[in-house]
Amino acid sequence: MLRRALQVVARCGQQGALLRAPRILPGLNPASAFGSSTDSLVSRFCPEKTDLKDYALPNASWCPDMLSLYQEFLEKTKSGGWIKLPSFKSNRDHIQGLKLPSGLAVASDKGDWRIFTRCIPVEGQGYEYAIFFHPSEKKSVCLFQPGPYLEGAPGFAHGGSLAAMMDETFSKTAYLAGEGLFTLSLNIRFKNLIPVGSLAVLNVVVEKIEDQKLYISCVTQSRDQQTVYAKSSGVFLQLQLETESSQQ
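Here the structure is a predicted model, which means the values were calculated and not measured.

Looking at this structure, how should I read the sheet that holds strand β8 (residues 228-238)?
Pairing in this open sheet of 7 strands is antiparallel, and the strands run β1-β3-β4-β6-β7-β8-β5 from one edge to the other. Of all strands in the sheet, those with a lone pairing partner are β1 (83-85) and β5 (180-190), marking the two edges. With direction set aside, neighbouring strand axes in the sheet form an average angle of 25°. Relative to β8, β5 runs antiparallel, the two sharing 9 bridges. Of the residues in β8, the one forming a bridge with Leu186 is Gly234.

What exactly am I supposed to notice about the pattern of salt bridges here?
Where charged atoms from two side chains of opposite charge come close, those side chains can pair. Enumeration over the complete set of coordinates arrives at 7 salt bridges. Between Asp65 and Arg223 there is a salt bridge whose closest N-O contact spans 3.7 Å. Linking Asp65 in helix α3 (residues 64-79) with Arg223 in the loop between β7 (213-221) and β8, this pair joins segments that are 158 residues apart in sequence. The exposure class assigned to Asp65 is partly exposed, which follows from its relative accessible area of 38%. Arg223 sits in the partly exposed class, given a relative accessible area of 29%. Residue Glu137 pairs with Lys139 through a salt bridge whose shortest N-O separation is 2.7 Å.

In this structure, what is going on with the nonpolar core? I would like to understand it.
Burial of nonpolar side chains together is a common tendency in soluble globular proteins. Ranked by internal contacts, the top residues of the largest apolar core, which has 33 residues, are Phe144, Leu176, Leu202 and Ile216. Contributions of two or more residues to this core are made by α2 (38-45), β3 (127-134), β4 (139-146), α5 (159-178), β6 (200-210), β7 and β8. Top element by residues in this core is α5. It accounts for 9 residues. Discounting chain neighbours no more than four positions away, the residues touching Phe144 are Met66, Tyr127, Glu128, Tyr129, Leu150, Ser161, Leu162, Met165, Ser198, Leu199, Ala200 and Leu202. By size, the runner-up hydrophobic cluster in this structure holds 14 residues, among which are Ala56, Tyr70, Phe73 and Phe132.

Just checking my understanding: could you explain the pairing of β3 for this structure?
Along any regular strand, the residues point their side chains to alternate faces of the sheet. When you tally the buried positions in β3, you get 8 out of 8 residues, the bulk of the element. Residues Tyr127, Tyr129, Ile131 and Phe133 point to one face of β3 and Glu128, Ala130, Phe132 and His134 to the other, with burial holding for every one of them. The sheet contact formed by β1 and β3 spans 3 bridges and is antiparallel. Counterpart to Leu85 in the pairing with β3 is Ile131. Pairing of β3 with β4 involves 8 bridges; the strand directions are antiparallel. Within β4, the position partnered with Ile131 by the bridge is Cys142.

Would you mind showing me how to read the environment of Gly124 here?
Structurally, Gly124 can be placed in the loop between β2 (98-99) and β3. Since its relative accessible area comes to 11%, Gly124 is described here as buried. As for Gly124 and Cys63, which are separated by 61 residues in sequence, their C-alpha atoms are 9.6 Å apart. Excluding residues that lie within four positions of it along the chain, Gly124 makes contacts with Ser61, Gly147 and Pro148.

Quick question: what am I supposed to make of α2 here?
Think of an α-helix as turning once every 3.6 residues; residues three or four places apart then point the same way. For α2, every residue scored as buried is listed here: Thr38, Leu41, Val42 and Phe45. Along the axis of α2, the buried residues cluster in a sector spanning 95°; they form a single face. Here the buried face of α2 lies against β1, α4 (91-94), β3 and α5.

Sorry if this is basic, but what is going on with unusual backbone geometry here?
At Lys138, a position not held by glycine, the phi torsion is positive, near 50°. The residue Lys138 is located in the loop between β3 and β4 in this model. If you check the backbone angles, Gln212 has positive phi at about 60° while not being a glycine. Residue classification places Gln212 among the buried residues on the basis of a relative accessible area of 10%.

Teacher, can you tell me more about the packing of aromatic side chains here?
Between two aromatic rings, the relevant description is the distance of the centres plus the angle of the planes. The final tally for this structure, using the stated rule, is 7 aromatic pairs. An angle of 85° between the planes, with centres 5.2 Å apart, marks the rings of Phe73 and Trp82 as edge-to-face. Comparing Phe73 with Trp82 shows no difference in burial state: the two are buried. Connected via pairs of aromatic rings, a cluster forms that spans Trp62, Tyr70, Phe73, Trp82 and Phe132. Looking at Arg118, its charged tip hangs above the ring of Tyr129, at a distance of 3.7 Å from the centre. Lying over the aromatic face of Tyr215, Lys208 brings its terminal NZ or CZ to 4.8 Å of the ring centre.

The rules behind these values
- Residues numbered from 1 in each chain as written.
- Predicted model: local features only at pLDDT ≥ 70, side-chain atom pairs only at ≥ 80, totals over all residues.
- Heavy atoms only, no water.
- Pairing = 2+ DSSP bridges.
- Helix = DSSP H or I, 4+ residues; strand = E, 2+ residues; numbered from the N terminus.
- Axes fitted to C-alpha atoms, helices over the stretch in contact; angles between N-to-C directions.
- Salt bridge = Lys/Arg side-chain N within 4 Å of Asp/Glu carboxyl O.
- Buried < 20%, exposed > 50% of the residue type's maximum accessible area, 1.4 Å probe, protein only.
- Core = buried A, V, L, I, M, F, W, Y, C linked by side-chain atoms within 4.5 Å.
- Contact = heavy atoms within 4.5 Å.
- Arc of directions from axis to C-beta.
- Phe/Tyr/Trp six-rings, centres within 6.5 Å; stacked < 30°, edge-to-face > 60°.
- Lys NZ or Arg CZ within 6 Å of the ring centre and 35° of its normal.

Spelled out as structure tokens, the structure:
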């Protein structure tokens, strides 16, 4: 799906502005970025009842900083307007009942598919993270603890693992803030290395939404904010998904 999506986006770039070639991206919504209710997107993304496993829950591998900050944000979900996002094995599980436009659909058995940041099933060895989203302020905080399978320099997380974590947090934020689905660009300035097994906090904010694009920024730092690990920005394409009813 992503390969097909990138091919579509690449063709759009070659032909100039996205809005001048609406037929290349089936289902594009030319209306306001807020055409769909944020509450509706959140409720669809965070089902109240599900048998799916939520991987964004504390486990024995979480470091003390990860656990304590998770509890702090969990308290903020009660009165501070924050929402904890569940993290399922596949993004398809988050958008059940919806279909991508036919031009982007992929026929495959989804049973063995995993989102990249959940591809290492052993607790503590790969990506340990939890994302909290604030709908009214259109911002997110991701608590990220890289495991030893993500090592780059000895004892430190590979820069690519942080880039993937940024992209994942951006994509969830973009989708919930304005139906953003696909990454058009991601720019990162690395500042410091993240020790394996430690906590990195990604502070993500939607800066603006215009011309069917969402502009997002992120500062990744230590919990005490004394060390900045990286700064990044991204642009996401806003794509109106097709519902089951629209396919009938």
